[in-house]
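# Commentary on secondary and tertiary structure
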Amino acid sequence: MSPWSTWIPAACLPDHCNCEAVRAAWIAQPSAFWSSGAYLIAWTGLWMMRRQFSDGFRVWMTAFFILALASHFAHGSMTEVAMACDFGAICLLLLTPALFRIRRNRNSQIMIGASLVLLFGILSFAFFGAGKLTKIGIALSVFVVAVLENIAAQRIRIRAPGFKKALTLVTLSFLLFIWDESKLHCEPESWLQGHSFWHLGSAWAIAEYGRWRFGRET
């Protein structure tokens, strides 16, 4: 018996989610759920590699941790609220550097933290009930905005290998995401899923971005 049976199911169900089968169990999509652990591994690695913790890095790492939890929640339950939180967390992480850059000289850390939580709630609410293509389209638009923000804020460092590596990794990983969504070659019961490789690749990309963006903050 699934503990999620009384929750509103994800809007993509029953036939328009990714390839992996959705099980009536505590963990609805085991492959996607366990591969979400890549985010926690990347988060831990970034934290352990740092010797100094700036305010900007702490705020961004908080958003990253929220993403890791949201991804587990989404694939563990495949409920609509969890999927909304997952997409909301993706957009939150993308927008956090710009949010902090705007507010760091105007507000205390408590206010910045409250702004982060409020933004996550707004984004998750906005995604609730939206169709899959709408969710993906909004996330892609936010990604473009985030790339433009990085170009504007880090104009001198934008050609550094770290940013290029992160951008390449996330692009290749997103292609695996699209391939999985298209179900051109789909084995629902397999543990080898394109969406799971998206988790692994995007976690690596986020780690590379974090090292680049916060390795020498300006």
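Up top is the structure these notes are about.
Below, the structure is looked at part by part. Per chain, the residues get numbers from 1 upward, laid out in the order the sequence is written. With pLDDT at 70 or above as the cut-off, local features in this predicted model cover only qualifying residues; side-chain atom pairs require 80 or more to be listed or tallied, and sums for whole chains, interfaces and linings still use all residues. Computation of side-chain values covers all heavy atoms of the structure but excludes hydrogens and water.

Attention now goes to the nonpolar core. Throughout this description, the term nonpolar core refers to a set of buried Ala, Val, Leu, Ile, Met, Phe, Trp, Tyr and Cys residues connected via side-chain atoms within 4.5 Å. Working definition: with a 1.4 Å probe on protein chains only, accessible area under 20% of the residue-type maximum means buried, over 50% means exposed, and in between means partly exposed. Formed by 53 residues in total, the largest nonpolar core has its most connected members in Tyr39, Trp60, Phe64, Met78, Leu92, Leu93 and Ile206. Only helix H2 (37–49), helix H3 (55–77), helix H4 (80–103), helix H5 (109–127), helix H6 (132–153), helix H7 (161–182) and helix H8 (194–215) provide two or more residues apiece to this core. Excluding residues within four positions of it along the chain, Leu93 makes contact with Trp60, Ala63, Phe64, Leu67 and Ile206. Only DSSP runs of H or I covering at least 4 residues are called helices, and only runs of E covering at least 2 are called strands; the numbering of each starts at the N terminus. Contacts between residues were defined by any pair of non-hydrogen atoms, one from each residue, lying within 4.5 Å.

Moving on, we get to the layout of surface pockets. The way it works is a 1 Å grid over only the protein atoms, where trapped points that fit a 1.4 Å probe form a cavity and open points with protein on both sides within 12 Å along at least five of seven lines form a pocket, and then any residue with an atom within 4 Å of a point lines it. Grid points are joined across faces, edges and corners, and a volume is the space filled by probe spheres set on the points. Empty space within the largest pocket amounts to approximately 860 Å³. Considering the residues around the largest pocket, the lining is formed by 46 residues, among which Ile90, Leu94, Phe143, Val170 and Trp198 are closest to the centre. Counting residues per element, the ones that place at least two in the lining of the largest pocket are H3, H4, H6, H7 and H8.

Let us now look at H6. Between the first and last C-alpha of H6 there are 31 Å, a value that for 22 residues agrees with the 32 Å anticipated at 1.5 Å per step. Regarding H6, the residues found buried are Lys135, Ile136, Ala139, Val142, Ala146, Val147, Glu149 and Asn150. Each buried residue of H6 lies within a common arc of 160° when the element is viewed along its axis, so the set occupies one face. The outward face of H6, more than 90 degrees from its buried face, is lined by the exposed residues Leu133 and Leu148. To estimate how far a helix should reach, multiply one less than its number of residues by 1.5 Å. When we speak of the arc, we mean the arc of directions from the helix axis to the C-beta atoms.

Turning our attention to the pattern of salt bridges. Here a salt bridge means any side-chain nitrogen of Lys or Arg lying within 4 Å of a carboxyl oxygen belonging to Asp or Glu. Per the stated rule, a full pass over the model turns up 7 salt bridges. A salt bridge links Lys135 to Glu80; its shortest N-O distance comes to 3.0 Å. In this pair, Lys135 sits in helix H6 while Glu80 sits in helix H4, placing the two residues 55 residues apart along the sequence. Given the relative accessible area of 4%, Lys135 is considered buried. Note on Glu80: relative accessible area 3%, which makes it buried.

Whenever a pair of cysteine sulfur atoms sits within 2.5 Å, that pair is classed as a disulfide. Going through the model one piece at a time under the given rule, you end up with 2 disulfides. The disulfide that involves Cys12 links it to Cys17, with 1.8 Å between the sulfurs. In this structure, the disulfide formed by Cys12 and Cys17 twists by about 85° around the S-S bond and is classed as right-handed. You can call Cys12 buried: its relative accessible area is 12%. Cys19 shares a disulfide with Cys186; S-S distance 2.0 Å. Its S-S torsion of approximately 105° makes the covalent link between Cys19 and Cys186 right-handed. Of this pair, Cys19 sits in the segment before helix H1 (30–35) while Cys186 sits in the loop between H7 and H8; the two residues are 167 residues apart in sequence, bridging distant segments of the chain.

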